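Architecture and fold: a report
Single-letter residue listing:
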Amino acid sequence: MTVPEPLESSVPPSSPEIKKPSLESRITGEISESDTRIGKDSPFVFGQRYLTQEEDVFSRNAWDHVEWGEKEIKHAEEMIAKQYNDPVSQEDKERYNATPEKFWNVFYTNHKENFFKDRNWLQIEFPLLYEVSSKDYGDKPVKILEVGCGAGNTMFPVLRQNQNSNLKIIGADYSSVAVDLIKKSESFDPEHAEAYVWDLANENGDLPGNMEPNSLDIVVMIFVFSALAPNQWNAAIKNISKLLKPGGTLLFRDYGRYDLAQVRVKKGRLLEDNFYIRGDGTRVYFFTEEELREMFINQIGFEEKRIATDRRLLVNRKKQLKMHRIWLQAVFNRPSENDTVETNNSSLSTQELMKKLALDDSDDEEDDGCTPPITCGCESCATGHSH
Ligand SMILES: C[S@@+](CC[C@H](N)C(=O)[O-])C[C@H]1O[C@@H](n2cnc3c(N)ncnc32)[C@H](O)[C@@H]1O
């Protein structure tokens, strides 16, 4: 595997001393007042490992909030420009786009549930999951859907610590092999969990299982939107919007533009701008904050609660390598029935907007593919995977 040239990180301005929650408080959920990582005002803090002295860079495995300067941007742009010399052929592109679920089936047949690590940071980055699964949440039933649930690395950490007897978490994935793994897992508690095979981007508006429209309180999408081709985004967001209750919340995390996984893509993997086929035939897109705003806010009319970029510098101390990782994280709300939402062109009520969506056929274009897995080799990335 080609290792990209290490980049120098720029030093962020002086950073505030923020206390990290103790492991105990993260497990028990008892959060002290001084703890700024969990709270409604600042949901995304992404850790507090600030690099203030460049010479300290190899003293840790990872640094948070690492700013990019012109040098880093230029390097990423040059590497990406080279990818256009060897794009995927039209014939292969059509092949990858025709049946993406087959490549995911092969992926889960090969890796079973052992590839992704459990997303144990979920309740810190998305405190809403923490609130609804606490025993004091109340008597109201709460329904969460995890779209693209894979082998359950997002769904199961929530389920395992759940103390709310009224909570149900439903997983849906296009890969039937992944859904089988979920159902066979010992963490799958049928009283609080369901799992279905479902294509998030289906254009018929089909919903998972026997789910009703407007029935979900929360939809979670962790590294799934990037598996869709840009021409599938619109259908996918319409399906999510159809499923969420008015006032319901969408929690999102995915790859950011110029992430190391994009910059180091090999020859012959480019499907279209910022969209690649991985070595295993799965596809990956790298987003910007502006693209998320355009799709979820301007085109569909969700409300933006927060969109943020998580920029980290991972360090392989043994090989003295620096690796810049970039992820996007967002929280959107489907507007309540009576809310008015601003779209690109006009101000529409939710009902008018939903009618408009139903009439607005999505464009048909072609699909695409993915990126090579990354073995950064750092101690905190024991599986060698890219996120
Ligand atoms: C990178 S994995 C993420 C899995 C899981 N969310 C996690 O955090 O571990 C992406 C998942 O999205 C699923 N996926 C890809 N395209 C999909 C689609 N159109 N509809 C539903 N799931 C899809 C894949 O099968 C795969 O399980």
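Residues numbered from 1 in each chain as written. Predicted model: local features only at pLDDT ≥ 70, side-chain atom pairs only at ≥ 80, totals over all residues.

The name given to the protein chain in an unreviewed UniProt entry is tRNA(Thr) (Cytosine(32)-N(3))-methyltransferase, and the organism recorded there is Saccharomycopsis crataegensis. Taken directly from UniProt, the Sequence similarities (unreviewed entry) text for the protein chain runs: "Belongs to the methyltransferase superfamily. METL family." (UniProt positions renumbered as here; feature names shortened; annotations may be inferred.)

1. Brief notes about the nonpolar core
Counting 87 residues, the largest nonpolar core has Leu145, Ile169, Ala178, Val219, Met221, Val224 and Leu250 as its most contacted members. Sequence-distant contacts of Val219, defined by excluding residues within four places in its chain, comprise Leu145, Val147, Ile240, Leu243, Leu244 and Leu250. (Core = buried A, V, L, I, M, F, W, Y, C linked by C-beta atoms within 7 Å. Buried ≥ 20, exposed ≤ 12 C-beta atoms within 10 Å, placed from the backbone. Contact = placed C-beta atoms within 7 Å.)

2. Section: helix H4 (residues 100–111)
End to end, H4 covers 17 Å across 12 residues, agreeing with the expected 16 Å (1.5 Å per residue, within 8%). Looking at H4, one finds that the buried residues are Pro100, Trp104, Phe107 and Tyr108. Looking straight down H4, one finds that the buried residues subtend no more than 90° of arc, so they occupy a single side. Where H4 is buried, its residues touch helix H3 (90–98), helix H8 (176–184) and strand S9 (283–285). Immediately beyond the C-terminal end of H4, within one or two residues, lies Lys112, with a positive phi of roughly 50°. (Helix = DSSP H or I, 4+ residues; strand = E, 2+ residues; numbered from the N terminus. Expected span 1.5 Å × (residues − 1). Arc of directions from axis to C-beta.)

3. Quick word on the sheet that holds S9
Hydrogen bonding along the main chain pairs the strands of a sheet, whether they run parallel or antiparallel. The three strands lie next to each other as S7-S8-S9, forming an open sheet whose pairing is antiparallel. The open sheet has two free edges, formed respectively by strand S7 (270–272) and S9, since each of these has just one partner strand. Recorded for the sheet is a direction-independent mean angle of 30° between the axes of neighbouring strands. Sheet topology note: the strand S8 (residues 275–277)/S9 ladder contains three bridges and is antiparallel. Across the sheet, the residue bridging to Tyr276 is Val284, located in S9. (Pairing = 2+ DSSP bridges. Axes fitted to C-alpha atoms, helices over the stretch in contact; angles between N-to-C directions.)

4. Here's the deal with the packing of H4 against H8
Two elements in contact, H4 and H8, have axes whose closest approach is 7 Å; the angle formed by their N-to-C orientations is 40°. On the basis of the axis angle, H4 is oblique to H8. Across from Trp104, Asn105, Tyr108 and Thr109 in H4, the residues of H8 making contact are Ser176, Val177, Ala178 and Leu181. (Parallel < 35°, antiparallel > 145°, perpendicular 65-115°, else oblique.)

5. Let's talk about the sheet that holds strand S2 (residues 142–147)
Reading across the sheet, the eight strands line up as S1-S10-S11-S6-S5-S2-S3-S4 and stay open at both edges, with mixed pairing between neighbours. Either end of the sheet is taken by a strand with one partner, and the two such strands are strand S1 (62–64) and strand S4 (193–197). Taken pair by pair, the neighbouring strands of this sheet meet at an average axis angle of 20°, ignoring direction. Sheet topology places S2 next to strand S3 (residues 167–173); six bridges connect them, and they run parallel. The residue bridging Leu145 from the neighbouring strand is Ile170, located in S3. Where helix H9 (residues 233–243) meets the sheet, it contacts S2, strand S5 (216–222) and strand S6 (244–255), and its direction lies at approximately 140° from that of S6.

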